[in-house]
Amino acid sequence: MTQTFKLEQGPIGIFDSGYGGLTILENIRKKLPQYSYIYLGDNARTPYGTRSFEVVYEFTLQAVKKLFELGCPLVILACNTASAKALRNIQQHDLPLIAPERRVLGVIRPTAEFIGELTKTRHVGVLATAGTIRSESYPLEIQKLYPDILVTGTACPLWVPLVENGEADSEGSDYFVKKYINELLSQDRDIDVIILGCTHYPLLMKKIRQYTPSHIRLIAQGEHVADSLKDYLSRHPEMDTMCLKEGICDFFTTESVEKFQESASVFLNGPINVKNITLE
Ligand code: DGL
């Protein structure tokens, strides 16, 4: 029998395949500190970026159901790959069946919305996982809003493993940071804005900045997603009242608690409450 979820009051759920979503969570908590949150990282099965559509959809749906079980009325897919490959199916096919009053939102649309104001040349680059690039979600979303913008994307399959393995600041990562930026810019010399279309990439920001010409603006998503969530909650008071406001944040990982605690400390100040969880 299909498990169903009634609307109830609870924390906002934030999901990513690993640590990348913490860059979104931090921005959201800065902007909306009064709300309670549950962060879920599927660290045991990361990366998602090289996986098929079917697998990313299956894993993401499992995570959304787990966050519903934990009481979340609203879930943010703080992962571009999951937003690109699973969000629409979950919104259109699963939610009406399992939780018609709950909501799941992604990170691609809120990022696309801001781009029109930022590019002067109307040439935009996207660096993202292979899955996000292959899905064409960025060109599709951006061109719906700004048909005059040309979007060029490059997949960076090694960046997430570098971040997940704590190698973001190592010398070895320079080669791959430079490689993908050059690949992107060699396809379109007029790019003046690059979207970091993967929530892990802000962790490589120092190096990405170093290898990107200074006239090109780099866009991390956190702030835009936080602004968009704030706007969403103000436009949907019925959802806002269901979101707990106790200022608490709990963390769940499918990997080891100790490893998560150690790696998450790169992003967060102070001790965090982490529990292990199984997704199936
Ligand atoms: N952080 C995720 C994103 O924004 C993806 C990472 C992965 O490949 O697992 O796309």
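Note: the structure precedes this text.
Predicted model, so just to flag it, every value in this text is computed and none were measured.

1. Re the packing of aromatic side chains
At step 1: Applying the stated criterion across every chain, the model contains 11 aromatic pairs.
At step 2: Their ring planes at 45° and their centres at 6.2 Å tell us that Tyr 39 and Phe 260 sit as a pair that is tilted. With Tyr 39 in strand β2 (residues 37-41) and Phe 260 in helix α13 (residues 257-264), this pair connects stretches of sequence that are 221 residues apart.
At step 3: Note on Tyr 39: relative accessible area 0%, which makes it buried.
At step 4: An aromatic cluster of at least three residues, connected via ring pairs, comprises Trp 159, Tyr 175, Phe 176, Tyr 180 and Tyr 201.
At step 5: In this arrangement the basic side chain of Arg 45 is found over the ring face of Phe 59, its NZ or CZ atom lying 3.6 Å from the centre.

2. Remarks on the sheet that holds strand β4 (residues 103-105)
At step 1: Here six strands make up an open sheet; going across it, the order is β4-β3-β1-β2-β9-β10 and the pairing parallel. The outermost strands of the open sheet, each flanked by one partner alone, are β4 and β10 (273-276). Sheet twist, expressed as the average angle between the axes of neighbouring strands with direction ignored, equals 20°.
At step 2: Sheet topology note: the strand β1 (residues 12-16)/β2 ladder contains five bridges and is parallel. By the bridge assignment for β2, Ile 12 is matched with Tyr 37.
At step 3: Of the strands in this sheet, β3 (74-77) and β4 touch helix α4 (residues 87-98), which is tilted by about 170° from β4.
At step 4: Packing against the sheet, α13 makes contact with β2, β9 (249-253) and β10, and its axis sits at approximately 145° to β10.

Rules of the game
Residues numbered from 1 in each chain as written. Predicted model: local features only at pLDDT ≥ 70, side-chain atom pairs only at ≥ 80, totals over all residues. Heavy atoms only, no water. Phe/Tyr/Trp six-rings, centres within 6.5 Å; stacked < 30°, edge-to-face > 60°. Helix = DSSP H or I, 4+ residues; strand = E, 2+ residues; numbered from the N terminus. Buried < 20%, exposed > 50% of the residue type's maximum accessible area, 1.4 Å probe, protein only. Lys NZ or Arg CZ within 6 Å of the ring centre and 35° of its normal. Pairing = 2+ DSSP bridges. Axes fitted to C-alpha atoms, helices over the stretch in contact; angles between N-to-C directions. Contact = heavy atoms within 4.5 Å.

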